[in-house]
Amino acid sequence: MAVIINESLWNGSGTSETCGSEDAVTFQYYTWGVTANIVAAYGIIGNVLSIVVLRHRQMRNSTSYYLISLAVYDILLLLFMSLFLAIPTIYLEKDVLEDYYFAYQYVHPYVYPFALIAQTGTVYTTVAFTVERYIAVCKPLHAANTCTMSRTKRVIFFILVASVVYNIPRFFEYQSVKIFDKTTNKTTITYEYTEIGNSQHFQETYFIYLYLCIMFLFPFTLLVVLNILLIRAVQKARRTRNYMSSSNTKDNNLTVMLIVVINVFLGCQFPALVDNIIVAIFEHSQLNCSEQWVQFTTISNLLVVLNSAINFILYCILSKRFRRVFLTIFRLRKNKPKFKYTVNNKSSLYNRNNLVFRQNGVDGTAATNC
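### Here's the deal with the side chain of Asn227
Examined against the element boundaries, Asn227 turns out to sit in helix α7 (residues 200-239). Among the residues examined, Asn227 registers a relative accessible area of 5% and is labelled buried. In contact with Asn227, not counting residues within four places along its chain, are Ile259, Ile262 and Asn263.

### Details of the pairing of strand β1 (residues 174-181)
Relative to strand β2 (residues 186-193), β1 runs antiparallel, the two sharing 8 bridges. Of the residues in β2, the one forming a bridge with Phe180 is Thr187. Joining the antiparallel neighbours β1 and β2 is a turn of 4 residues, in which Asn185 adopts a positive phi near 60 degrees.

### Comments concerning the packing of helix α11 (residues 311-318) against helix α12 (residues 320-329)
Across the interface, α11 lies against α12 with an axial gap of 5 Å and an inter-helix angle of 105 degrees. Of the possible angle classes, the one that applies to α11 and α12 is roughly perpendicular. Residues Phe312, Tyr315, Cys316, Ile317 and Leu318 of α11 form the contact with α12, whose participating residues are Lys320, Phe322, Arg323 and Phe326. Its residues assigned to classes, the contact of α11 with α12 shows 7 nonpolar, no polar and 2 charged.

### Focus: the packing of helix α4 (residues 98-138) against helix α6 (residues 149-166)
Look at α4 against α6: their axes get within 9 Å of each other, and the N-to-C directions meet at 150 degrees. Here α4 runs over α6; the crossing is right-handed. Contacts between α4 and α6 involve Ile117, Thr120, Gly121, Tyr124, Thr125, Ala128 and Glu132 from the first element and Thr152, Val155, Ile159, Ser163, Val164 and Tyr166 from the second. Among the residues making up the contact of α4 with α6, the classes are represented as 7 nonpolar, 5 polar and 1 charged.

### Section: the environment of Val127
Mapped onto the secondary structure, Val127 falls in helix α4. Separated by 93 residues in sequence, Val127 and Phe220 place their C-alpha atoms 8.4 Å apart. Ignoring sequence-local partners within four residues, the contact set of Val127 consists of Pro219, Leu222 and Leu223.

### Examining the pattern of salt bridges
Between side chains of opposite charge, a pair can form when the charged atoms approach closely. Overall, the coordinates contain 1 salt bridge when judged by the stated rule. Residue Glu173 pairs with Arg170 through a salt bridge whose shortest N-O separation is 3.0 Å. Neither Glu173 nor Arg170 differs from the other in exposure class; each is buried.

### So, the confidence of the model for the protein
Taken over all residues, the pLDDT of the protein has a mean of 79, while the share at 70 or more is 79%. Confidence, read as mean pLDDT per element, is least for helix α14 (residues 364-369) in the protein (39) and greatest for α6 (95). Overall, residues 338-350 carries pLDDT values under 50, and its contacts beyond four positions in sequence, including any with other chains, amount to 2 contacts. Every residue in residues 352-370 is under pLDDT 50, and counting partners more than four places away or in other chains gives 8 contacts.

### Quick look at the side chain of Ser319
By the secondary structure assignment, Ser319 is in the loop between α11 and α12. Residue Ser319 is classed as buried on the basis of its relative accessible area of 14%. Side-chain polar atoms of Ser319 contact the backbone nitrogen of Phe322, separated by 3.1 Å. The residues touching Ser319, leaving out its near neighbours within four places in the chain, are Met257 and Leu314.

### Some thoughts on a nonpolar patch on the surface
A cluster of nonpolar side chains, namely Phe114, Phe157, Leu160, Val161, Val164, Val165, Ile168, Phe171, Phe172 and Ile196, defines an oily patch on the protein surface of about 880 Å² accessible area. A total of 5 residues in the nonpolar patch trace back to one element, the largest contributor, which is α6. Examined against the element boundaries, Phe157 turns out to sit in helix α6. Exposure remark for Phe157: the relative accessible area of 55% places this residue in the exposed category.

### Focus: the nonpolar core
In terms of nonpolar packing, the biggest core is built from 41 residues, with Leu67, Phe129, Tyr315 and Phe322 touching the most fellow members. For this core, the secondary structure elements donating two or more residues are α1 (22-54), α2 (62-86), α4, α6, α7, α8 (246-281), α11 and α12. Among all residues touching Phe322, those that are not within four sequence positions of it are Ser50, Val53, Leu54, Met59, Phe312, Tyr315 and Cys316. Formed by 14 residues, the second largest nonpolar core is a distinct cluster that contains Leu78, Ala86, Val305 and Ala309.

### A closer look at the packing of aromatic side chains
Applying the stated criterion to the full structure yields 20 aromatic pairs. Between Tyr101 and Tyr104, the aromatic rings sit 5.9 Å apart at their centres with planes inclined by 50 degrees, giving tilted as the arrangement. Of this pair, Tyr101 and Tyr104 both sit in helix α4, separated by 3 residues, roughly a single helical turn. Of the two residues, Tyr101 and Tyr104, both sit in the buried class. Considering the side-chain rings of Phe312 and Phe326, the 5.7 Å spacing of their centres and the 70 degrees angle between planes classify their relative orientation as edge-to-face. Here Phe312, found in helix α11, pairs with Phe326, found in helix α12; they are 14 residues apart in sequence, far enough to count as distant. Of the residues examined, Phe326 reaches a relative accessible area of 17% and is grouped as buried. Put simply, the rings of Phe80, Phe84, Tyr91, Tyr101, Phe102 and Tyr104 pair up and form one aromatic cluster.

The rules we used
- Residues numbered from 1 in each chain as written.
- Predicted model: local features only at pLDDT ≥ 70, side-chain atom pairs only at ≥ 80, totals over all residues.
- Heavy atoms only, no water.
- Helix = DSSP H or I, 4+ residues; strand = E, 2+ residues; numbered from the N terminus.
- Buried < 20%, exposed > 50% of the residue type's maximum accessible area, 1.4 Å probe, protein only.
- Contact = heavy atoms within 4.5 Å.
- Pairing = 2+ DSSP bridges.
- Axes fitted to C-alpha atoms, helices over the stretch in contact; angles between N-to-C directions.
- Parallel < 35°, antiparallel > 145°, perpendicular 65-115°, else oblique.
- Nonpolar A, V, L, I, M, F, W, Y, C, P; charged D, E, K, R; others polar.
- Left-handed = near helix turned anticlockwise from the far one by under 90°.
- Salt bridge = Lys/Arg side-chain N within 4 Å of Asp/Glu carboxyl O.
- pLDDT = per-residue confidence, 0-100.
- Polar contact = N/O pair within 3.5 Å; in protein donor to acceptor, adjacent residues only side chain to side chain.
- Patch = residues over 30% accessible without salt bridge, like charges linked within 9 Å, V, L, I, M, F, W, Y side chains within 5 Å.
- Areas by Shrake-Rupley, 256 points an atom, 1.4 Å probe, with all protein chains shown as cover.
- Core = buried A, V, L, I, M, F, W, Y, C linked by side-chain atoms within 4.5 Å.
- Phe/Tyr/Trp six-rings, centres within 6.5 Å; stacked < 30°, edge-to-face > 60°.

Okay, structure coming up:
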């Protein structure tokens, strides 16, 4: 669940701007081209399985709708990260997939904004289910009117619309250009900043002020505060667990699972936030000549990929209901009856003998007493 995909490592010609450092390109290849692609492939499968399980009737509640929305955004994010960030590094290191690399540079200006829409959606979907869980746990009297299916669907739709509106300027940030290379006598396609994207006013307003407020200060401050309050509520509930009903216990387990999801989100996103703040402050040319920064931004984006891929594992580990429904759906667990009936052998023998004696005209009770 990335905040921003940092592509400042690549210039318009599609080459790595690391002042001639081949080690940086190799590091990116093994981090993005190999590791990130493997993680992304697993994450897409895991999020699809999460959607299948969360749509089951036994999992249907307002929180599950938020988690389904989150899984959809994560799938899109992993797909875009793999296609337009991880796979292109393979060409730079191994000199394969040349046609794909140049096709990627052509479609980048048009596809990149959709990846950022998915990123914005992940951030505010996380904020939305955190707020809902806070209301359910800390303001239970308001939960009945607030945490409803219809309200959840409206919030999800609003997040989608707001994510699109916020990222509309991204569609005017890059453009595809044709460059003729005299050494190879070939015309190649690449992308570069448009006049709007290269404007200092646009960079300061959109990347510094709007980004810091909308994508950093507001959502992450709210997540940290609500996360602390939820942790305190869970600790208080555990101290009084002897007085808790089974329904309260289930709510408590759900809260614990979401707290872990939120903390993993914050931990994986924090390096990316630091990275983008550094990009907003310093010149790109200065940063791209620093191999340490190249390694830092590469790892921060890998953590973003990991965060979008790991939720399925967290659900399986922390939610007993999720595991049970998953095993039932995929026929890995047989449905057991709610009530078990046992037959006492002595009682059965007694009833059978009693029936025989009565058929012979003899009182079963007397015969038994003998």
